[in-house]
Amino acid sequence: MNFFDLLDLLGTIAFATSGALVAINKKLDPFGVFMVAFVTALGGGTLRDVLIGKEPVGWMLETYYVFTIIATTIVTIVIRNHIKYLSKSLFLFDTIGLGIFTITGTQIGVESNFNPIISIALGIITASFGGVIRDILCTQIPVIFRKEIYATAAFIGSITFLILNKFDLPINMIYVITTSIVIVIRIIAVKFHLSLPTFYTKE
Amino acid sequence: MNFFDLLDLLGTIAFATSGALVAINKKLDPFGVFMVAFVTALGGGTLRDVLIGKEPVGWMLETYYVFTIIATTIVTIVIRNHIKYLSKSLFLFDTIGLGIFTITGTQIGVESNFNPIISIALGIITASFGGVIRDILCTQIPVIFRKEIYATAAFIGSITFLILNKFDLPINMIYVITTSIVIVIRIIAVKFHLSLPTFYTKE
Amino acid sequence: MNFFDLLDLLGTIAFATSGALVAINKKLDPFGVFMVAFVTALGGGTLRDVLIGKEPVGWMLETYYVFTIIATTIVTIVIRNHIKYLSKSLFLFDTIGLGIFTITGTQIGVESNFNPIISIALGIITASFGGVIRDILCTQIPVIFRKEIYATAAFIGSITFLILNKFDLPINMIYVITTSIVIVIRIIAVKFHLSLPTFYTKE
């Protein structure tokens, strides 16, 4: 397992945790908690693989994804009472997953020789789709549509990745830097209540 | 048409009926009723085919699926006034569809030589996705997230199928037994208000 | 770029505009507006391509789709204050998109030698899926399930396309005629409050 696969697995754990936390909070039974963790963690990568025609999709061939999500679900259920700040924990795991999947998604676009704008789109789709399904299934307002900067952070990280990729830097260093950029931007945005302006027009 | 195809068609009819009943109850027009019946009946199998890379997806090549759903929709609309217990009928058709599609989905995973845990996932996805879309489109709480045992029944049926498959039994008998197991578990669970424990933690 | 591609691009612009208008009205930030415009415009074609196994899906290879949606989003945001009748504008763009994508979707089914009923299904799916995701993401009742004639107009246009296709007419003329049929049917239906009967049965 190389660094890229390890990073992807960390993103899977982060998103699975975020899904499990939301599901526990919605009073789902253990199986429901697992299913929400599953679609949150694998939803984005599944859509990405389907869009580019990589089928069977990744997690069907690498079974360690499913076992990782089972383990993550169990651990989350066990330690749930020790999680003092649910919404902060949820935010943190969601943000780590966002940062990692933005970059792994963009990298897969680059590897597949897509146009840069398409690689950016793949990064954002991979990073945000799992959370969107999680929120639709649990009837919450999808996170990308709330006021917090979300997809915008992914967009900046993705474009930075493409730029750094042009230089002769170690690829693992680029992964770490750009993933951190996404995470830091989102944390700062939420901490200081930064958001982009909106354009509501009364009818 | 062998027994497997026949079973798959029966599952299609059951889910189409459940979709049509929900849509009629939501006061949709005939076309809307057909569309909900369509996505409920074919949604799970479509996602399964896309995940494993079987494209065009099944129902695009076997047109009898579409004609069966059209016929099922018409019949359901015609006999709607003779259905005395809507929620019980809906539950029954949904449960029959769940039982059948769990097993056909798992079998397709086995045939495609996926790891057993992936075959189980395919069974559950095939069986539950149609109902999830039906409920999202009709703005109901998705059935798999209600208190009733749903995906858990599919899980038990799927794993039983994999075990029985190891023995030298006629495959059609295994289909019937395992489908029945899913259906019976769910009926018992609902009748006796059985459900798995939940883990809600106040923040 | 032939007439078919031009038509498809016009449909993309129409649906992107409808998505942007809904998103602006929901007070999303510019990135959110773009994302809703994106999934509304490309959702139907993406699902169609996935169903028939055309992967990578169309917009990943033809980057002008993404740039067109970016431009459409910007223009819609800029001129939003000059749009006096939001709901009428929204209806108009949605209807133009519906008319165009019904026909391009059906034509792709015909080209791929699917059975006519499958080509009709592809037309309706291509035309309506983008609007359905837009409405689910923005927590509105999906347009195809409202009282207005929507999928029914697509169905009539699609079947007319298949019939005219049998005659020795210029294909571009058939595109224009059948697209117009869908648009006119829907406008008339909404203007005169025409709708199909429903079959609600009290339990």
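Residues numbered from 1 in each chain as written. Chains lettered and ligands numbered in written order. Predicted model: local features only at pLDDT ≥ 70, side-chain atom pairs only at ≥ 80, totals over all residues. Heavy atoms only, no water.

Entered under Sequence similarities (unreviewed entry) in the UniProt record, the comment concerning chain A runs "Belongs to the UPF0126 family." (UniProt positions renumbered as here; feature names shortened; annotations may be inferred.)

J.: Hey, could you go over the interface of chain C and chain A for me, with residue numbers and the actual values?
T.: Contact residues are listed per partner, giving 31 residues for chain C and 30 residues for chain A. When chain C packs against chain A, close to 2600 Å² is buried across both sides, 75% of that on carbon and sulfur atoms. Applying the counting criterion to the chain C and chain A interface returns 0 salt bridges. At the boundary of chain C with chain A, the tally comes to 1 residue pair in polar contact (both at pLDDT 80 or more). Only α1 (3-25), α2 (30-52), α3 (58-61), α4 (64-78), α5 (86-111) and α6 (116-137) of chain C provide two or more residues apiece to the side of chain C that touches chain A. Of the residues belonging to the side of chain C that touches chain A, the class tally is 20 nonpolar, 6 polar and 5 charged. (Contact = heavy atoms within 4.5 Å. Buried area = accessible area lost by both parts, 1.4 Å probe. Salt bridge = Lys/Arg side-chain N within 4 Å of Asp/Glu carboxyl O. Polar contact = N/O pair within 3.5 Å; in protein donor to acceptor, adjacent residues only side chain to side chain. Helix = DSSP H or I, 4+ residues; strand = E, 2+ residues; numbered from the N terminus. Nonpolar A, V, L, I, M, F, W, Y, C, P; charged D, E, K, R; others polar.)

J.: Before we move on, can you summarise the relation of the copies chain C and chain A with the specific residues and values?
T.: Least-squares fitting of chain C to chain A yields an RMSD of 0.0 Å, with the superposition described by an axial translation of 0.0 Å and a rotation of 120°. What we have between these two chains is a three-fold relation. The rotation axis passes nearest to the C-alpha of C:Val50 in chain C, at a distance of 4.2 Å. In this assembly the copies use different faces: only 10% of the residues contributing to the interface of chain C also contribute to that of chain A. (Least-squares fit on C-alpha atoms with pLDDT ≥ 70 in both.)

J.: Can you lay out the UniProt feature "transmembrane region" (unreviewed entry) in chain A for me, pointing to particular residues and giving the numbers?
T.: The feature "transmembrane region" (unreviewed entry), as given by UniProt, occupies residues 6-24, 31-52, 64-83, 90-110, 116-137, 149-167 and 173-194 of chain A in the numbering adopted here. Helix makes up 100% of residues 31-52 of chain A and strand makes up 0%, while its end C-alpha atoms are separated by 31 Å.

J.: Give a detailed account of the packing of α2(C) against α4(C), specifying residues and quantitative values.
T.: All names here are of chain C. The geometry of α2 relative to α4 is characterised by a closest axis approach of 9 Å and an angle of 130° between their N-to-C directions. The angle between α2 and α4 places the two elements in the oblique class. Of the two possible hands of crossing, α2 and α4 adopt the one that is right-handed. Listed contacts from α4 to Pro30, Val33, Phe34, Ala37, Phe38, Ala41 and Leu42 of α2 are Tyr65, Val66, Ile69, Ile70, Thr73 and Ile77. The class makeup of the residues in the contact of α2 with α4 is 12 nonpolar, 1 polar and no charged. (Axes fitted to C-alpha atoms, helices over the stretch in contact; angles between N-to-C directions. Parallel < 35°, antiparallel > 145°, perpendicular 65-115°, else oblique. Left-handed = near helix turned anticlockwise from the far one by under 90°.)

J.: Please give an account of the environment of C:Ser128 that cites residues and values.
T.: Structurally, C:Ser128 is set in helix α6. In this structure C:Ser128 touches B:Met35, C:Ile144 and C:Tyr150, once residues within four positions along its chain are discounted. From its side chain, C:Ser128 meets the backbone oxygen of C:Ile124 in a polar contact 2.6 Å long.

J.: Quick one: what's the story with the UniProt feature "domain: Glycine transporter" (unreviewed entry) in chain A, residue by residue and with numbers?
T.: UniProt records the feature "domain: Glycine transporter" (unreviewed entry) for residues 6-79 and 92-165 of chain A in the present numbering. Secondary structure content for residues 6-79 of chain A is 85% helix and 0% strand, and the end C-alpha separation is 24 Å.

J.: For α4(C), give the residues involved together with the corresponding values.
T.: Along an α-helix, residues three or four apart share an orientation, since each turn contains 3.6 residues. Look at α4(C): 21 Å from first C-alpha to last across 15 residues, which is about the 21 Å you get at 1.5 Å a residue. All of the buried residues in α4(C) are C:Tyr65, C:Val66, C:Thr68, C:Ile69, C:Thr72, C:Thr73, C:Thr76 and C:Ile77. Looking straight down α4(C), one finds that the buried residues subtend no more than 165° of arc, so they occupy a single side. For α4(C), the secondary structure elements touched by its buried residues are α6 (116-137) of chain A together with α1, α2 and α3 of chain C. (Expected span 1.5 Å × (residues − 1). Buried < 20%, exposed > 50% of the residue type's maximum accessible area, 1.4 Å probe, protein only. Arc of directions from axis to C-beta.)

J.: How would you summarise a nonpolar patch on the surface if you had to cite specific residues and measurements?
T.: All names here are of chain A. A surface patch of nonpolar side chains, amounting to about 640 Å² of accessible area, comprises Phe155, Ile156, Ile159, Ile163, Phe167, Leu169, Met173 and Ile177. Elements that contribute at least two residues to the nonpolar patch include exactly α7 (151-164) and α8 (171-191). Top element by residues in the nonpolar patch is α7. It accounts for 4 residues. With respect to the element layout, Ile163 can be found in helix α7. When its relative accessible area of 47% is taken as the criterion, Ile163 is described as partly exposed. (Patch = residues over 30% accessible without salt bridge, like charges linked within 9 Å, V, L, I, M, F, W, Y side chains within 5 Å. Areas by Shrake-Rupley, 256 points an atom, 1.4 Å probe, with all protein chains shown as cover.)

J.: Outline the packing of α6(A) against α7(A), supporting the account with residue identities and numerical values.
T.: All names here are of chain A. Axis separation between α6 and α7 bottoms out at 9 Å; the angle between their running directions is 135°. What the angle tells us is that α6 and α7 run oblique. Crossing hand, α6 versus α7: right-handed. Packed against α6, whose contacting residues are Pro116, Ser119, Ile120 and Ile124, the element α7 presents Ala151, Ala154, Phe155, Ser158, Ile159 and Leu162 at the interface.

J.: How would you explain the packing of aromatic side chains if you had to name every residue and give the values?
T.: Taken as a whole, this structure holds 27 aromatic pairs over all chains when the rule is applied. Note on A:Phe15 and A:Phe101: the rings are 5.3 Å apart at their centroids and 50° apart in plane angle, and the pair reads as tilted. Here A:Phe101 lies in helix α5 (residues 86-111) and A:Phe15 lies in helix α1 (residues 3-25), a separation of 86 residues in the sequence. In terms of burial, A:Phe15 and A:Phe101 fall into one category: buried. Counting every residue linked through ring pairs, the aromatic cluster contains A:Phe31, A:Phe34, A:Phe38, A:Trp59 and B:Phe155. (Phe/Tyr/Trp six-rings, centres within 6.5 Å; stacked < 30°, edge-to-face > 60°.)

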